[in-house]
Amino acid sequence: MPETWSEYFTIFMSALAVGYLVYEIDRRRRKLHDIWDVLGGEDAELTEGLVSMVRNGELRPYTGGALA
Amino acid sequence: MPPASQVSPVLEEAVVPEPLSHAEQAASGDTEETLATPRFQIFIIDAGWNSAAHKVLRENFALLSDLQKGDPIYVLSREKSVEFIRRNYADLVGKDPIIAAHDLDLLRRSGTTGFHGFRLHLGLLRTEQQALLALQAFCRFLATHRQSVDLEAEIRKDLRREGIIGAIEIILHHEPRELGG
């Protein structure tokens, strides 16, 4: 058991540091998954929307030139 | 260029005889054929926010296009992008420019019910350096996983590795590489 205030303080600060690390790692993991999104069944409608634009001739493969 | 109605029958004829998947072609060592057949189709959706990501995409698009030769790239106009996001996918507002890569092998085999590609939300990156790194990572990923047998597993493995590396960087007090922000 800690006996002095300084020991309590050290334990408290260590717990804060560990908590911050866990929070920061989780935040970065979530951000990474927000940026790189894996397409699954729930994205079927979006994929179909894009593919149907190609099928209908609304979109054609890019062949050159600058983007707008 | 001939109208789509004249072009599509020829394309359909060329595709109908059950083409081998890239995984099957890779297994048979048929590399020339593999390179000739597109593995991915890429869509660019950009409503045109005045953002660092928009600028980086515009400045590097020609290079992206050159690196992805063989895979069709479809660029939605600003109007089409706005309409597409506004009408159906409000949660994508502000995440554009978005680059979606569909795995044509998987779409042929299992449609859109399961994993069938991935999307890069460039608009979530705040600086030009972050956006450029992500764009380069995107090109590298497509180039190195073109003949992947299990693309989903490889994407998840890469994301896990990025997460672990990020954690180590935080612990060692290194400057984060800014890919994840």
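As shown above, the structure is provided for reference.
What comes next concerns the included structure. This one's a predicted model, so the numbers in the text were calculated from it and none came from an experiment.

Quick word on the overall build of chain B
- Each helix and strand counted, chain B has eight helices and four strands in total.
- Across chain B, helices and strands are ordered from the amino to the carboxyl terminus as α-α-α-β-α-β-α-β-α-β-α-α.
- Per-residue burial for chain B yields a buried fraction of 44% across its 181 residues.
- Contacts in chain B between residues at least 24 apart in sequence constitute 68% of all its contacts with a sequence separation of at least 6.
- Carbon and sulfur atoms provide 56% of the accessible area of chain B, an area that totals close to 9,700 Å².

Describing the packing of helix H4 (residues 52–67) of chain B against helix H7 (residues 128–144) of chain B
All names here are of chain B.
- Where H4 meets H7, the closest approach of the two axes is 9 Å, and the angle between their N-to-C directions is 25°. One finds that H4 runs roughly parallel with respect to H7. Considering how the two elements wind past one another, H4 and H7 form a crossing that is right-handed. Facing H4, whose interface residues are Ala 52, Ala 53, Lys 55, Val 56, Leu 57, Asn 60, Leu 64 and Leu 67, H7 presents Glu 128, Ala 131, Leu 132, Leu 135, Phe 138 and Cys 139.
- Its residues assigned to classes, the contact of H4 with H7 comprises eleven nonpolar, one polar and two charged.

Side note on the interface of chain A and chain B
- The interface is formed by 34 residues belonging to chain A together with 54 residues belonging to chain B.
- Of the roughly 4,100 Å² buried between chain A and chain B, counting both surfaces, carbon and sulfur atoms make up 70%.
- Summed over the shared surface of chain A and chain B, the result is two salt bridges.
- The salt bridge partner of Arg119(B) is Asp37(A), with a shortest N-O separation of 2.5 Å.

Things to note about a nonpolar patch on the surface
- Together, Phe9(A), Phe12(A), Met13(A) and Leu16(A) line one region of the surface with nonpolar side chains, adding up to about 420 Å² of accessible area.
- Counting through the fold element by element, Phe9(A) comes out in helix H1 (residues 5–35).

As for the sheet that holds strand S3 (residues 98–103) of chain B
- Across the sheet, which stays open at both edges, the five strands sit in the order S1(A)-S4(B)-S3(B)-S1(B)-S2(B) with mixed pairing between neighbours. Since the sheet does not close on itself, it has two edges, and those belong to strand S1 (36–39) of chain A together with strand S2 (73–75) of chain B, each with one partner. The mean inter-strand angle of the sheet, taken between neighbouring strand axes irrespective of direction, is 15°.
- H1(A) rests against S1 of chain A together with strand S4 (117–121) of chain B of the sheet, and its axis sits at about 55° to S1(A).

Examining the pattern of salt bridges
Residues and elements named next belong to chain B.
- A complete count under the given rule lists eleven salt bridges over all chains for this structure.
- The partner of Asp 103 in a salt bridge is Arg 39, and the shortest N-O contact between them spans 2.8 Å. Of the two residues, Asp 103 sits in strand S3 while Arg 39 sits in the loop between helix H3 (31–36) and strand S1 (40–45), which places them 64 residues apart along the sequence. Arg 39 matches Asp 103 in its accessibility class, with the two residues each being buried.
- When salt bridges with common partners are traced through the structure, they connect Arg 39, Asp 103, Asp 105 and Arg 108 into a single cluster.

Considering the environment of Phe141(B)
Residues and elements named next belong to chain B.
- Looking at the secondary structure, you find Phe 141 in helix H7.
- With 15 residues separating them in the primary sequence, Phe 141 and Arg 156 have C-alpha atoms 12 Å apart.
- Aside from chain neighbours lying at most four places away, what touches Phe 141 is Phe 118, Leu 151, Glu 154, Ile 155 and Asp 158.

Re the packing of aromatic side chains
- Enumeration over the complete set of coordinates arrives at six aromatic pairs over all chains.
- Between Trp5(A) and Tyr8(A), the ring centres sit 6.0 Å apart and the planes meet at 50°, which makes this aromatic pair tilted. Taken together, the positions of Trp5(A) and Tyr8(A), both in helix H1 and three residues apart, correspond to about one turn of that helix.
- Given a relative accessible area of 40%, Tyr8(A) falls into the partly exposed group.
- Ring geometry for Tyr62(A) versus Phe61(B): centroids 4.6 Å apart, planes at 85°, classification edge-to-face. Taken as a pair, Tyr62(A) in the segment after helix H2 (44–55) and Phe61(B) in helix H4 lie in two separate chains rather than in one.
- Among the aromatic residues, those joined into a cluster by ring pairs are Trp36(A), Phe118(B), Phe138(B) and Phe141(B).

Conventions we followed
- Residues numbered from 1 in each chain as written.
- Chains lettered and ligands numbered in written order.
- Predicted model: local features only at pLDDT ≥ 70, side-chain atom pairs only at ≥ 80, totals over all residues.
- Heavy atoms only, no water.
- Helix = DSSP H or I, 4+ residues; strand = E, 2+ residues; numbered from the N terminus.
- Buried < 20%, exposed > 50% of the residue type's maximum accessible area, 1.4 Å probe, protein only.
- Contact = heavy atoms within 4.5 Å.
- Areas by Shrake-Rupley, 256 points an atom, 1.4 Å probe, with all protein chains shown as cover.
- Axes fitted to C-alpha atoms, helices over the stretch in contact; angles between N-to-C directions.
- Parallel < 35°, antiparallel > 145°, perpendicular 65-115°, else oblique.
- Left-handed = near helix turned anticlockwise from the far one by under 90°.
- Nonpolar A, V, L, I, M, F, W, Y, C, P; charged D, E, K, R; others polar.
- Buried area = accessible area lost by both parts, 1.4 Å probe.
- Salt bridge = Lys/Arg side-chain N within 4 Å of Asp/Glu carboxyl O.
- Patch = residues over 30% accessible without salt bridge, like charges linked within 9 Å, V, L, I, M, F, W, Y side chains within 5 Å.
- Pairing = 2+ DSSP bridges.
- Phe/Tyr/Trp six-rings, centres within 6.5 Å; stacked < 30°, edge-to-face > 60°.

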